[in-house]
2 protein chains.
Amino acid sequence: MTKLKADRYEIRFSGSGGQGIITAAVVLAEAIAGSGKNHVCQTQSYGPEARGGTSKAEVVISKDLIDYPKVIELDLLLAMNQASCDTYFPDLKPEGLLVVDSTLVDQIPTDRSISIPFTQIAVKQAGKKLVANMVALGAVVHLTRVISPKALESTLMAKVPKGTEQMNLKAFRSGIRAAKKFDLEQLPPTVTPEEEEV
Amino acid sequence: MTKLKADRYEIRFSGSGGQGIITAAVVLAEAIAGSGKNHVCQTQSYGPEARGGTSKAEVVISKDLIDYPKVIELDLLLAMNQASCDTYFPDLKPEGLLVVDSTLVDQIPTDRSISIPFTQIAVKQAGKKLVANMVALGAVVHLTRVISPKALESTLMAKVPKGTEQMNLKAFRSGIRAAKKFDLEQLPPTVTPEEEEV
């Protein structure tokens, strides 16, 4: 298990219903929990006001007991569609990171972002766009290093429906490979849009 | 959608890993969210101190925006094994309700409880103990009336793995039928164990 740099790390997975947002969050949370070093809370919130076309699932990781499990300052936002990118981008903290599925998101509000065509990779590498969530999870695991890929893989194999393990694993590994092409050090230090800078 | 009597209603599903605790909670939360009347938060918390043999998932339903999504005063505890019954029973509020899988729980700490052999029913009625979670969900839906069975069924059909819909549906309906045999009015008004009463 990678050690957390900060005391608390907050991730939001977002997209439309049917993109497997909750499954990705549950697999990540259980893998981290299984590694036994940190506290994890995984939450879905829904309301009558549910913001159009967006579904979200959060994972909060902490060295200490988590009393407040909702996102306070978002460290990483994964946006699997344009609506969720638009809706949740303002919740990122200044030094947070935006990760988008470039197959479905083309208006990206910050240069401090990683664009990977998760859906396209899922189709090409694993044969089904259904597993775009696992491609994205691979990227998130590589970029955040909140858990080792190995530890995550064993949770993934146990949690996905029987018969789909290999497809999901392939998708996950494709996501890691895609994310390895990026260097976080090359990104601007904050998500503040350029027009708001002096 | 049934109207909530109180402003907030808190349910915890608990058992051992592999009993489908999280799936049951996610299906319930999404069904309630889909009905569009109330706010719902669904949370899993894990920690290095993870209490032996227990897994839990919570659903908080509220008329108002949910700022604090963890359980404050538990209205209903579903315990699918003895360890989770022992561990979480103290979190029930006095007028709360304990629901246990009597296949696996035989030491029941209160008479304000409903005992149903969820695992045994799952095997007999649906052919697999794997769907004991949906039998239990049927009972919870009937006992709490937080959502109509019809509304829940359509979410269930969409969320369970393809090919398992009918088995899960059968299990869910068996749980409703089993719970219908109980009359909550016949239970003592509080969970306080008899020996603590004067």
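Just so it is clear, the structure is predicted and the values come from calculations on it, not from any experiment. Here the residue index of a chain counts from 1 through its sequence in written order. Chain A is the first chain written and ligand 1 is the first ligand written, with later ones labelled in order. Selection of residues for local features in this predicted model requires a pLDDT of at least 70, selection of side-chain atom pairs for listing and counting requires 80 or more, and totals for whole chains, interfaces and linings are taken over all residues. Note that the side-chain values use all heavy atoms of the structure and ignore hydrogens as well as water.

**Student:** What exactly am I supposed to notice about the overall build of chain A here?
**Tutor:** When its secondary structure is counted, chain A shows 6 helices and 6 strands. Helices and strands in chain A line up, N terminus first, as β-α-β-β-β-α-β-β-α-α-α-α. The C-alpha radius of gyration of chain A comes to 16 Å, within 12% of the 16 Å expected for a compact globule of 198 residues. Along the longest, intermediate and shortest principal axes, the C-alpha atoms of chain A span 55 × 40 × 40 Å. Each residue gets one of three labels from its accessible area relative to the maximum for its type: buried under 20%, exposed over 50%, partly exposed in between, using a 1.4 Å probe on protein chains only. Within chain A, the fraction of its 198 residues that count as buried is 55%. Of all intrachain contacts in chain A linking residues separated by at least 6 positions in sequence, the fraction that spans at least 24 positions is 63%. Note that accessible areas follow from Shrake-Rupley with a 1.4 Å probe, and for residues the cover is restricted to the protein chains shown. Element-wise, carbon and sulfur atoms account for 51% of the exposed surface of chain A, whose accessible area totals about 9000 Å². We count a stretch as a helix when DSSP gives it H or I for four or more residues in a row; a strand needs E for two or more, and each element gets its number in order from the N terminus. The quantity called the radius of gyration is restricted to C-alpha atoms. Its globule counterpart is 2.2 Å times the number of residues to the power 0.38. Here a residue-residue contact requires only that any non-hydrogen atoms of the pair lie within 4.5 Å.

**Student:** Help me understand the interface of chain A and chain B in this model?
**Tutor:** Many authors give the size of an interface as the accessible area that is lost as the parts come together. Every contact between the two is made by 26 residues of chain A and, on the other side, 26 residues of chain B. When two parts are put together, the accessible area they lose, computed with a 1.4 Å probe and summed over both, is reported as buried area. Interface area, chain A with chain B, both sides summed: about 2000 Å², of which 56% is carbon and sulfur. Salt bridges, as used here, are contacts in which a Lys or Arg side-chain nitrogen is within 4 Å of a carboxyl oxygen on Asp or Glu. Counting across the interface, chain A meets chain B through 0 salt bridges. Within 3.5 Å is the distance limit for a polar contact, defined as a pair of N or O atoms, with the added protein rule that one can donate a hydrogen and the other accept it, and that residues adjacent in sequence qualify only through two side-chain atoms. If you look at where chain A meets chain B, you find 11 residue pairs in polar contact (both at pLDDT 80 or more). Only α1 (21-35) and β2 (39-46) of chain A provide two or more residues apiece to the side of chain A that touches chain B. With 8 residues, the top contributor of residues to the side of chain A that touches chain B is β2 of chain A. Throughout this entry, Asp, Glu, Lys and Arg are counted as charged residues, while Ala, Val, Leu, Ile, Met, Phe, Trp, Tyr, Cys and Pro are counted as nonpolar. The remaining residues, Gly among them, count as polar. Grouping the amino acids of the side of chain A that touches chain B by side-chain chemistry returns 13 nonpolar, 8 polar and 5 charged. Sheet topology places β2 of chain A next to strand β2 (residues 39-46) of chain B; 7 bridges connect them, and they run antiparallel. Note on β2 of chain B: the bridge partner recorded for Gln42 of chain A is Gln44 of chain B. The criterion for strand pairing is that DSSP finds at least two bridges linking the strands in question.

**Student:** Which parts of the structure should I look at to understand helix α5 (residues 149-159) of chain A?
**Tutor:** The α-helix winds at 3.6 residues per turn, so residues separated by three or four positions along the chain end up facing the same way. Inspection of α5 of chain A places Leu152, Glu153, Thr155 and Leu156 of chain A among the buried residues, and these make up the whole buried set. On the buried face of α5 of chain A, the contacting elements are α1, α4 (132-144) and α6 (165-180) of chain A.

**Student:** Would you take a moment to explain the nonpolar core for this structure?
**Tutor:** Of all hydrophobic cores here, the largest spans 102 residues; its most connected members are Phe13 and Leu28 of chain A together with Phe13 and Leu28 of chain B. Excluding anything up to four places from it in sequence, Phe13 of chain A contacts Ile21, Ala24, Ala25, Leu28, Ser55, Lys56, Ala57, Val59, Leu78, Leu137 and Val140 of chain A. Each nonpolar core is a collection of buried residues, namely Ala, Val, Leu, Ile, Met, Phe, Trp, Tyr and Cys, held together in the definition by side-chain atoms within 4.5 Å.

**Student:** Just checking my understanding: could you explain the packing of aromatic side chains for this structure?
**Tutor:** Two aromatic rings, taken as a pair, are described by how far apart their centres are and by the angle between their planes. Centres within 6.5 Å make a pair out of two Phe, Tyr or Trp rings, where for Trp the six-membered ring is used; the pair is then stacked when the planes are under 30 degrees apart, edge-to-face when over 60, and tilted otherwise. Throughout the structure, instances matching the rule amount to 1 aromatic pair over all chains. Ring centres of Tyr68 of chain A and Tyr68 of chain B lie 6.4 Å apart, and the angle between their planes is 45 degrees; on these two criteria the pair is classed as tilted. Taken together, the positions of Tyr68 of chain A in the loop between β3 (55-62) and β4 (74-79) and Tyr68 of chain B in the loop between β3 (55-62) and β4 (74-79) put the pair across two chains. A residue is classified by how much of its surface remains accessible, and Tyr68 of chain A, at 22% relative accessible area, is partly exposed.

**Student:** Help me understand the relation of the copies chain A and chain B, please; the structure alone is not making it clear to me.
**Tutor:** Taken together, a rotation about one axis and a shift along it account for how the two chain copies relate. To superpose the copies, least squares is applied to the C-alpha atoms of every residue with a pLDDT of at least 70 in both. Turning chain A through 180 degrees and shifting it by 0.0 Å along the axis lays it on chain B, with an RMSD of 0.0 Å. Read as a symmetry element, the transformation amounts to a two-fold axis. Among all C-alpha atoms of chain A, that of Thr43 of chain A lies closest to the rotation axis, at 2.1 Å. Of the interface residues in chain A, 100% have counterparts in chain B that sit at the interface too, so the contact is made through matching surfaces.

**Student:** Before we go on, may I ask you to explain the pairing of strand β5 (residues 92-101) of chain A in this structure?
**Tutor:** If a strand is regular, its side chains alternate between the two faces of the sheet. Residue and element names in this part refer to chain A. By the criterion of burial, β5 is predominantly enclosed, with 8 of the 10 residues buried. Inspection of the sheet shows β4 paired to β5 by 5 bridges, in the parallel sense. Counted as the bridge partner of Leu77 is Leu98 from β5. For the handedness criterion, the β-α-β arrangement of β4, helix α2 (residues 82-88) and β5 is classed as right-handed. The pairing of β5 with strand β6 (residues 113-116) spans 4 bridges and is parallel. For a crossover, the right-handed case is the one in which the path from the first strand over the helix to the second runs clockwise, viewed with the strands pointing away from the viewer.

**Student:** Where do I start with the pattern of salt bridges in this structure?
**Tutor:** Side chains that differ in charge, positive against negative, can pair when their charged atoms come close. Throughout the structure, instances matching the rule amount to 16 salt bridges over all chains. Two residues, Lys93 of chain A and Asp75 of chain A, come together in a salt bridge whose shortest N-O distance is 2.7 Å. Here Asp75 of chain A lies in strand β4 and Lys93 of chain A lies in strand β5, a separation of 18 residues in the sequence. Asp75 of chain A carries the same exposure label as Lys93 of chain A, and that label is buried. Put simply, Arg173 of chain B and Glu153 of chain B hold a salt bridge, and the shortest N to O gap is 2.8 Å. Of this pair, Arg173 of chain B sits in helix α6 (residues 165-180) while Glu153 of chain B is found in helix α5 (residues 149-159), placing the two residues 20 residues apart along the sequence.

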